[in-house]
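Each chain is listed here by its residues.
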Amino acid sequence: MPALPALRSKKQMNKQKRIEILSRLRAANPTPTTELEYSSPFELLIAVLLSAQATDVGVNKATKHFFPAARTPQAMLDLGVDGVKHYIKTIGLFNTKAENVIKTCRILVEQHGGEVPENREALEALPGVGRKTANVVLNTAFGWPTIAVDTHIFRVSNRTKLAPGKNVDEVEHKLLKVVPAEFKLDVHHWLILHGRYTCVARKPRCGSCLIEDLCEFKEKTD
């Protein structure tokens, strides 16, 4: 009978449900931010660059010693590739990342006066910096309402049906479209933390989820 699919479609995510989900996440964490540790836009940029295929905890352990030794692009340039490797060798893909750090620092010094540009095109032109990294820097360092979609946000957006999409670009586009302006600045922090600690990959902790009754994931756990 064709009635069942039609019935299900009426239960799909709507504006009111999205607002309630985001309101609950905001109430639980009114001022969310990245778990990466940094003290300047430059340090944030480098930390995000290093975090690709690595955990924030692992990056923080390395940058705790790395950043005090080189707080500026020029100081990192002075360390050289081998000097950077010394500090980040515990992070996955450290050889490639060290090369990208040095190349990025050289561009920052030569083209941007040693400052991190508040410009998407300029950020994405930096070695090792893609759209996601640029979104994080623009959002967290400069207060832009950008949404950086990583694996956690992709998973949460699709599981809950908040903003389903086949790839990270689709999910980002959908979130930008359906998330009201009042939530856009913080939504990627809420979703990444929710995916990291509650809506985890292997077995989501639905029983302790504050939006469980609003989530449209069919295979919920206790």
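The structure contained in this document is the topic of the report that follows. Since the model is a prediction, treat every value here as computed from it, not as a measurement.

1. Section: the packing of helix α3 (residues 41-50) against helix α8 (residues 131-140)
- For the pair α3 and α8, the least separation of the axes is 10 Å and the interaxial angle reads 150°. In terms of their interaxial angle, α3 and α8 are classed as roughly antiparallel. Crossing geometry of α3 relative to α8 is assigned as right-handed. Only Thr133, Val136, Val137 and Thr140 of α8 make contact with α3, whose side of the interface consists of Leu44, Leu45, Val48 and Leu49.
- Residue composition of the contact of α3 with α8, by class: six nonpolar, two polar and no charged.

2. A closer look at helix α10 (residues 168-178)
- Within the sequence span of α10, burial applies to Val171, Glu172, Leu175 and Val178. What you see down the axis of α10 is that its buried residues fit within an arc of 145°, all on one side. Away from its buried face, by an angle of more than 90 degrees, α10 presents the exposed residues His173 and Lys177.
- Considering only its buried residues, α10 is in contact with α2 (15-28), α8, α9 (151-160), α11 (181-184) and α12 (187-197).
- Where α10 starts, the residue carrying a side-chain oxygen 3.1 Å from the main-chain nitrogen of Asp169 turns out to be Asn167.

3. Side note on unusual backbone geometry
- Even without being glycine, Gln53 reaches a positive phi, approximately 55°.
- With respect to the helices and strands, the residue Gln53 is situated in the loop between α3 and α4 (56-69).
- Despite not being glycine, Leu93 has its phi angle at roughly 60°, a positive value.

4. Structural notes on the environment of Ala122
- Relative to the elements of secondary structure, Ala122 occurs in helix α7 (residues 120-124).
- For the pair Ala122 and Leu108, spaced 14 residues apart in sequence, the C-alpha separation works out to 9.7 Å.
- When residues no more than four places from it in sequence are discounted, the contact partners of Ala122 are His112 and Pro117.

5. Here we look at the packing of α2 against α12
- Packing of α2 against α12 brings their axes to within 10 Å, and their N-to-C directions diverge by 80°. Classed by the angle they form, the pair α2 and α12 counts as roughly perpendicular. Facing α2, whose interface residues are Leu22, Leu25 and Arg26, α12 presents Val187, Trp190, Leu191 and His194.

6. Quick look at the nonpolar core
- One finds Ile46, Leu50, Phe66, Met76 and Val101 to be the most contacted residues of the largest nonpolar core, which totals 34 residues.
- When contributions to this core are tallied by element, the ones reaching two or more residues are α3, α4, α5 (73-88), α6 (94-112) and α8.
- The greatest single-element share of this core, amounting to eight residues, is contributed by α3.
- With near-sequence residues (within four places) excluded, Phe66 lies in contact with Ile46, Leu50, Met76, Leu79, Val84, Tyr87 and Ile88.

7. With respect to α12
- Most of α12 sits inside the fold, with nine of its 11 residues counted as buried.
- When we look at burial in α12, the residues that qualify are Val187, His188, His189, Trp190, Leu191, Ile192, Leu193, His194 and Gly195.
- Of the surrounding elements, those touching the buried residues of α12 are α2, α8, α9, α10 and α11.

8. Some words on the side chain of Asn135
- One can find Asn135 in helix α8.
- With a relative accessible area of 1%, Asn135 lands in the buried category.
- Asn135 has contacts with Arg120, Thr146, Ile147, Ala148 and Glu172, leaving out every residue within four places of it along the chain.

The rules behind each value
- Each chain has its residues counted from 1, running along the sequence as written.
- Reporting in this predicted model follows two pLDDT cut-offs: at least 70 for local features of residues, and 80 or more for side-chain atom pairs to be given and counted; totals over whole chains, interfaces and linings ignore these cut-offs and use all residues.
- Excluded from the side-chain calculation are hydrogens and water; included are all heavy atoms of the structure.
- Here an angle of 0 to 180 degrees is reported between the N-to-C directions of two axes, which are lines fitted to C-alpha atoms, with helices fitted over the stretch in contact.
- A run of DSSP states H or I qualifies as a helix once it reaches four residues; a run of E qualifies as a strand once it reaches two. Both are numbered from the N-terminal end.
- Roughly parallel here means an angle under 35 degrees, roughly antiparallel means over 145, roughly perpendicular means 65 to 115, and every remaining angle is called oblique.
- The handedness criterion is simple: a crossing whose near helix is rotated anticlockwise from the far helix by less than a right angle is left-handed, and one whose near helix is rotated clockwise is right-handed.
- We call two residues in contact when some of their heavy atoms are within 4.5 Å.
- Note on residue categories: nonpolar means Ala, Val, Leu, Ile, Met, Phe, Trp, Tyr, Cys or Pro, charged means Asp, Glu, Lys or Arg, and polar means any other residue, Gly included.
- Buried residues are those whose accessible area, probed at 1.4 Å on protein chains only, stays under 20% of the maximum for their type, while exposed residues exceed 50% and partly exposed ones sit between those limits.
- Each C-beta atom gives one direction from the helix axis, and the arc is the one those directions make.
- Polar contact criterion, stated in full: a pair of N or O atoms within 3.5 Å, where within protein one must be able to donate a hydrogen and the other to accept it, and residues adjacent in sequence count only if both atoms are side-chain atoms.
- Among buried residues, the Ala, Val, Leu, Ile, Met, Phe, Trp, Tyr and Cys ones that are joined through side-chain atoms within 4.5 Å form a nonpolar core.

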